[in-house]
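# Observations on the model geometry
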Amino acid sequence: MLKLVLQGIRTRWVTLAGSFLALALGVGIIATTGLALAATFAGPDQAPERFAAAPVVVRGADQVRVRTPIGVRTQKLTHPRPVPAEVAERLAGLGRTAVDRTFPVAAGDGSGEAAGHPWPVAAAAPYRLLCGRPPAASGEVVVAAGEGAVGDRITLTTPAGKGRWTVTGTVRPAPVERAVFFGEAEAARLSPDIDAVVVHADPAAVRAAVGPGLDVLTGDDRRRADPDPDRDAEALVSVNALLGTAAGITAFVSVFVVASTFSFAVAQRRREFGLLRMAGATPGQVRRLVYAEAVLVGVIASAAGCRLGLSGAPRLASWMVQQGLAPAWFAIGDQNWPLHTAFWTGLAVALAGAVAAAHRAGRVRPAEALRDAAVDSGTMPPVRVVLGAAVLLTGAVLVVLGLVQDPAGLLKRKTYTTQPMLLITGCALFAPVLVRPAIRLLASLPARLPGATGLLVRENASAGLRRTAAVAAPVLVTVALAASLMGTKATIDAAKAAEARGQVTADFVAVGERAGIPREFVDRVRRVEGARVSASRTTSVTVLEEGTALVRSEARAVDPADEAAVSALPVVAGRFADLDDRSIVVNEEWAVHRVGARVRVWLGDGREVTLRIAAVLAVGTGDNGVYLTPRNAAGAPVDRVGTAVRAGADRQAVERGLRAAGRATGTEVLTREQWAATLAPGGGSTRTGLLMILAIALVYTGIALANTQVMATADRVRDFAVLRLAGATKAQVLRLAGVEALAVVAVGAGLGGAVAALNLLGVRAALGRLDVPAVVVVPWEAVGLVVAVSAALAVVFAVLPARLALRTRPVELAGARE
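Within each chain, residues carry numbers counting from 1 in the order of the written sequence. Per-residue local features of the predicted model are confined to residues with pLDDT of at least 70, and side-chain atom pairs are confined, for both listing and counting, to 80 or more; whole-chain, interface and lining totals are unaffected and use all residues. Computation of side-chain values: all heavy atoms of the structure, hydrogens and water removed.

## Concerning the overall build of the protein chain
Think of it this way: any DSSP run of H or I at least four residues long counts as a helix, any run of E at least two long counts as a strand, and we number them from the N terminus. What the protein chain contains, in helices and strands, is 25 helices and 23 strands. In the protein chain, once contacts between residues fewer than 6 apart in sequence are set aside, the share between residues at least 24 apart is 81%. By element, 58% of the accessible surface of the protein chain is carried by carbon and sulfur atoms, the whole surface being about 36200 Å². The criterion used for residue contact is that any of the two residues' heavy atoms lie within 4.5 Å. All accessible-area figures derive from a Shrake-Rupley calculation using a 1.4 Å probe, and residue coverage is judged against the displayed protein chains alone.

Okay, here's the thing in structure tokens:
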């Protein structure tokens, strides 16, 4: 058996080369993504940075902790409470202390945001003066080297507004933040709340002096006081999700390509298997022959793929860092289990791809050796029909159930990146049935034109259904993936932007980033005659669902009367005007969303309160969050100011007043149209990740097309010879091969587009169920690129082998055996 397998591989190396490349690449990508995925399971150990030289740090608790029947559950707070002034005084009696007040500072030159601190806390990092002196009076600051020179006058925007400061000294830049140090008294004026206290005393004595709601941090726990201490963990979650999706789609495409390749290879070898049966081989022996070839190819290809993964994983990590998909420190570790997983997965894929092919090979009768039929038959065995129908039905049922029960769930990334696979797989399984009517429809008009090319294309593609389906199927899969994934993402982004535009009716909008909007700007615009102003804050609330899960929801703190003048929220129950300090507005996604019901929540600063539901909003695209009053959003800065022009007021005068306030405080004021333009769908990490996934699928499509076309051309040598003997020139034969390849790619693209249309219509229906205005966005650029690359590859790998085959004399070709 082994000798027969090796001889077969030696004589059919071209056929198996495509399977080897597809499998090796698949294992390589699985190994690459697996090694990268393993690196996301644990981030590097991070030492304290901002308070590395502080023995003890006291700050407000940054997590809410709730005891449940299954243990203590925690959730991050948006705005930890400040340290009370009386606590800071008690701590000062224990030993030397330094009070930290952290507040946003924006550079006037547009170079970005920084963090302001009082100078005494600089020693906790520690920061050391490189030149100059500490700030001693109001109007003086110390900046990082490169941000300014001693004696420079710089413009800064602080929570109190825009002003000019003199640089009195510089310090070495720190990677953890971009710091600006003010005098202690001026920092207290700009930010009255105490964010942390550095204490040089015994930790036990410090713990005895502080009350509940405050954390005493020592050792490695001091990193909890660093800016955004969970940034690395959150970044790893995003990387993990992206790589997990890429690995899943890679496995899906690789199984499909390898199975299709093995199936087509076996279909081409009907006469060979018939001869083996005539020579006395049993069906079991024929099947074992196919399995043995699959195992041999699988072992060698998997080993090569693992080696490819070892080389590719560091490059993938570097690329993800460059694209901003992973943190700067992200690197591949020394885990070996992804390589073992990739190797055995590759071998399993090879065997799985050979199962159907081996079953078909075992059914070949001895008489097949005598057949020379040019028309494929039996291209859809009953098992494939049942499997395809089951997959299609499952995909359709899931979409219908989602539309009926949870239309918002269809808009979540995990759903719209995985659920379309069912419809795509089902249609790909039915490709042999779908391509014949599709190719006849496509070639119906060309077949009526003068000349034989159109007619021959139609008849050749219809007669060689296995060949046609093997070429069309990978194009179908890739086009459907490109249109479904990219189209769904773009459609949902456009719907979110349209929803936001519809809910904001303000004539002018000012938006602050992390720094928020200066208080001075808010005070100035409130004094503009004819302006109705709503200043809102971003915060969060946490609720305990089903007694075991702490779920945090984004929230916005507003004055209900002011907000009604600048927005049109989708209220489905209750009245938004009833919102007060003892109530809350929720959306329909909440487990309890009945007007009048009382819910226990934890606010963004950790306070536990019970609030009455005043109104309920529609779910929408998922951005219709919770609304509170400003009193329930302590510590949250104003980050959006909407201004409506009162009836009868002079719009131009109001605009002049707003822009004057903006210039004085360094705040940009946008018209409603300008603000809406900022909501237009953009790139982002999700789109970059989807492009990476599509690139993988496109590589697989190229391998499948090249492999199938080379195998098919080798099988059509006698057909080309007959055409030459009938009077066709070499150019005409090559043109026929190229046009036929284009026609089959067009069929695959058309079927893929039809599948994608079904997926996109499902998303459109979900948005319609949520009453969100939406237009389906078709990613023509991505689809066009996929079709163009597929067409180019199909033509090249159809024409080149045909050109090589035509070097032999037609009479010799016509007499050649397959």
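Moving on from the model shown.
## So, the side chain of Glu177
For Glu177, the location among the structural elements is in the loop between β10 (161-171) and β11 (179-182). Whenever two N or O atoms come within 3.5 Å, that pair is a polar contact, provided that in protein one can donate a hydrogen and the other can accept it, and provided that, for residues adjacent in sequence, both atoms are side-chain atoms. In this structure the side chain of Glu177 is engaged in a polar contact, spanning 3.0 Å, whose partner is the side chain of His117. Residues contacting Glu177, with those up to four places away along its chain left out, are Arg50, Ala115, His117, Tyr127 and Pro227.

## Here's the deal with unusual backbone geometry
Both trends apply: most residues other than glycine have a negative phi, and most peptide bonds are in trans. Cis geometry is found at the peptide bond from Ala125 to Pro126, where omega equals 0°. Tracing the chain through its elements places Pro126 in the loop between β6 (113-118) and β7 (129-132). Unlike most non-glycine residues, Asp771 shows phi in positive territory, near 60°. Relative to the assigned elements, Asp771 resides in the loop between α23 (730-769) and α24 (780-805).

## Considering the packing of helix α17 (residues 519-526) against helix α19 (residues 651-665)
Only the stretch in contact is used when a helix axis is fitted, and all axes are lines through C-alpha atoms; the angle between N-to-C directions ranges over 0 to 180 degrees. α19 packs onto α17 with a crossing angle of 160° between their chain directions and a minimal axis gap of 9 Å. What the angle tells us is that α17 and α19 run roughly antiparallel. You can see that α17 and α19 cross each other, and the crossing is right-handed. Packed against α17, whose contacting residues are Glu520, Phe521, Arg524 and Val525, the element α19 presents Leu658, Ala661, Gly662, Ala664 and Thr665 at the interface. When residue character is reported, Ala, Val, Leu, Ile, Met, Phe, Trp, Tyr, Cys and Pro are called nonpolar, Asp, Glu, Lys and Arg charged, and the others, Gly included, polar. Here the residues of the contact of α17 with α19 sort into five nonpolar, two polar and two charged. To sort the angles, those under 35 degrees are grouped as roughly parallel, those over 145 as roughly antiparallel, those from 65 to 115 as roughly perpendicular, and the leftovers as oblique. For any helix crossing, the convention is left-handed if the near helix is rotated counterclockwise from the far helix by under a right angle, and right-handed if that rotation is clockwise.

## Points about the nonpolar core
By nonpolar core is meant a set of buried Ala, Val, Leu, Ile, Met, Phe, Trp, Tyr and Cys residues that side-chain atoms within 4.5 Å join together. When accessible area is computed with a 1.4 Å probe and restricted to protein chains, residues below 20% of their type maximum are described as buried, those above 50% as exposed, and intermediate ones as partly exposed. Membership of the largest hydrophobic core comes to 64 residues, with the highest contact counts inside it found for Leu243, Met320, Phe330, Val435 and Leu481. Listed in part, the 17 residues of the second largest apolar core include Phe508, Ala510, Ile517 and Val638.

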